[in-house]
Amino acid sequence: MKLITEILTSLFFVFYYLIQLIFYPYQAMRKISQEKDENQIYLVFFLVFLYLKFAYFLKNDTYPATILFAVFLIVFLSTISFFYFLSKFFNKKIKFRPFVFTFSYALFPTLIWYGFNSLLYILLPPPRTSSILGISFSLFYLTISFSLLFWKVILSYLAIRFSSGFHFFRIFYFILLYFLTFLPIFLLLNYFRLFYVPMV
């Protein structure tokens with residue numbers, strides 16, 4: 001009974017923080033960086049696995065969910081380790097836990113984008129026409145995608161900001177180094193059709 005209560009409480013906070021990240025990302029990410037309830041992390045990962053499982057049954061050409069989830073975990077842990085050790089170089093007092101929590105919640109824009117794509121795949125399967133409706137759909141799709149990308153950039157910046165305590169220019173430098181380092185990995189993931197957009 002205690003375990004069920006703890007899981008339900010953690011689930012409540014996951015969705016509470018998700019709503020907060022939409023409307024008040026700065027305040028929400030600050031609170032998330034101070035979290036210690038590890039069940040929230042497991043629930044976010046579980047949502048990722050559920051999506052991957054759903055995508056596997058939706059499309060016949062995808063890898064099994066277990067393989068994709070393993071790849072996701074490797075890339076995700078590599079990402080937070082990269083920012084943690086880079087930050088640790090400048091400040092020895094920095095802890096690993098805030099990076100795990102903040103970057104886990106920063107997964108939501110990517111996860112929502114993937115879910116949005118899967119929903120469209122069901123409702124409007126390819127091929128799609130170049131008619132007025134087709135063009136309108138493309139504009140709608142691009143608007144949603146860019147909005148989620150903008151949200152993702154904000155959450156990623158705040159994740160580093162509240163985990164490391166650093167300010168804009170150093171964080172910008174860290175992000176630039178990250179893309180230069182991980183770009184070959186992302187290209188390989190795309191080449192082998194594991195992830196067209198990295199789930200980080």
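Keep in mind that this is a model prediction, so the values were computed, not measured.

S.K.: For this particular structure, what's the right way to read the overall build of the protein chain?
M.R.: Across its full length, the protein chain holds eight helices and zero strands. When the helices and strands of the protein chain are placed in sequence order, the string is α-α-α-α-α-α-α-α. Relative to the 2.2 N^0.38 estimate, which gives 16 Å for 200 residues, the radius of gyration of the protein chain is 18 Å and therefore close to what a compact globule would have. Along the first, second and third principal axes, the C-alpha set of the protein chain runs to 55 × 50 × 35 Å.

S.K.: Any chance you could explain the side chain of Lys152 here in plain terms?
M.R.: Its place among the elements puts Lys152 in helix α7 (residues 132-164). Buried within the structure, Lys152 lacks any salt-bridge partner; its nearest side chain of opposite charge belongs to Glu35, at an N-O separation of 19 Å. Excluding residues that lie within four positions of it along the chain, Lys152 makes contacts with Ala106, Leu107, Pro109, Thr110 and Val200.

S.K.: For this particular structure, what's the right way to read the packing of aromatic side chains?
M.R.: A ring pair, where both rings are aromatic, is described by two values, the distance of the centres and the angle of the planes. Following the criterion strictly, the structure yields 40 aromatic pairs and no others. Between the aromatic rings of Tyr16 and Tyr17, the centroid separation amounts to 5.6 Å while the plane-to-plane angle is 55°, which identifies the pairing as tilted. With a relative accessible area of 31%, Tyr16 lands in the partly exposed category. The class of Tyr17 is buried, set by a relative accessible area of 5%. When the ring of Tyr51 is compared with that of Tyr114, the centres are 5.5 Å apart and the planes differ by 50°; the resulting orientation is tilted. Taken together, the residues span a long stretch of sequence, with Tyr51 in helix α3 (residues 38-58) and Tyr114 in helix α6 (residues 108-123) at a distance of 63 residues.

S.K.: Just checking my understanding: could you explain the packing of α3 against helix α5 (residues 97-105) for this structure?
M.R.: Describing two packed helices takes the angle between their axes plus the distance from one axis to the other. It is the contact of α3 with α5, at a shortest axis distance of 10 Å, that shows an interaxial angle of 35°. Once α3 is placed against α5, the crossing between them reads as left-handed. Here Glu38, Gln40, Ile41, Val44 and Phe45 of α3 come into contact with α5, specifically with Arg97, Val100, Phe101, Ser104 and Tyr105.

S.K.: Looking at this structure, I do not really get the nonpolar core. What am I missing?
M.R.: Across soluble globular proteins, nonpolar side chains show a tendency to be buried alongside one another. Grouped together as the largest cluster of nonpolar side chains are 57 residues, with contacts concentrated most on Phe72 and Phe195. No other element matches the 12 residues that helix α4 (residues 65-90) contributes to this core. Setting aside chain neighbours within four positions, we find Phe72 in contact with Phe45, Val48, Leu107, Phe195 and Met199.

S.K.: So what exactly am I meant to see when it comes to the side chain of Glu35 here?
M.R.: By the secondary structure assignment, Glu35 is in the loop between α2 (25-32) and α3. Lacking a salt bridge, the buried Glu35 has Arg97 as its closest oppositely charged neighbour, with an N-O distance of 8.0 Å. A distance of 3.5 Å separates a polar atom in the side chain of Glu35 from the backbone nitrogen of Asp37. Residues contacting Glu35, with those up to four places away along its chain left out, are Tyr17, Gln40, Arg97 and Phe101.

S.K.: Teacher, can you tell me more about the pattern of salt bridges here?
M.R.: A side chain with one charge can pair with a side chain of the opposite charge if their charged atoms come near. Counting across every chain of the model gives one salt bridge. In this structure, Glu38 and Arg97 form a salt bridge, with 3.5 Å as the shortest nitrogen-oxygen distance. Of this pair, Glu38 sits in helix α3 while Arg97 sits in helix α5, placing them 59 residues apart in sequence. Taking relative accessible area as the criterion, Arg97 reaches 36% and is therefore assigned partly exposed.

S.K.: Honestly, the packing of α3 against α6 in this entry has me stumped. Any pointers?
M.R.: Two elements in contact, α3 and α6, have axes separated by 11 Å at closest approach and are oriented at 25°. Here α3 is positioned roughly parallel relative to α6, judged by the angle of their axes. α3 and α6 meet at a crossing whose hand is left-handed. Along its contact with α3, which presents Val44, Leu47, Val48, Tyr51, Phe54 and Leu58, the element α6 presents Phe108, Leu111, Tyr114, Gly115, Ser118, Tyr121 and Ile122. Across the contact of α3 with α6, the residue classes break down as 11 nonpolar, two polar and no charged.

Cut-offs used in this document
Residues numbered from 1 in each chain as written. Predicted model: local features only at pLDDT ≥ 70, side-chain atom pairs only at ≥ 80, totals over all residues. Heavy atoms only, no water. Helix = DSSP H or I, 4+ residues; strand = E, 2+ residues; numbered from the N terminus. Rg over C-alpha atoms; globule rule 2.2 N^0.38 Å. Buried < 20%, exposed > 50% of the residue type's maximum accessible area, 1.4 Å probe, protein only. Lys, Arg positive; Asp, Glu negative; His and termini not counted. Salt bridge = Lys/Arg side-chain N within 4 Å of Asp/Glu carboxyl O. Contact = heavy atoms within 4.5 Å. Phe/Tyr/Trp six-rings, centres within 6.5 Å; stacked < 30°, edge-to-face > 60°. Axes fitted to C-alpha atoms, helices over the stretch in contact; angles between N-to-C directions. Left-handed = near helix turned anticlockwise from the far one by under 90°. Core = buried A, V, L, I, M, F, W, Y, C linked by side-chain atoms within 4.5 Å. Polar contact = N/O pair within 3.5 Å; in protein donor to acceptor, adjacent residues only side chain to side chain. Parallel < 35°, antiparallel > 145°, perpendicular 65-115°, else oblique. Nonpolar A, V, L, I, M, F, W, Y, C, P; charged D, E, K, R; others polar.

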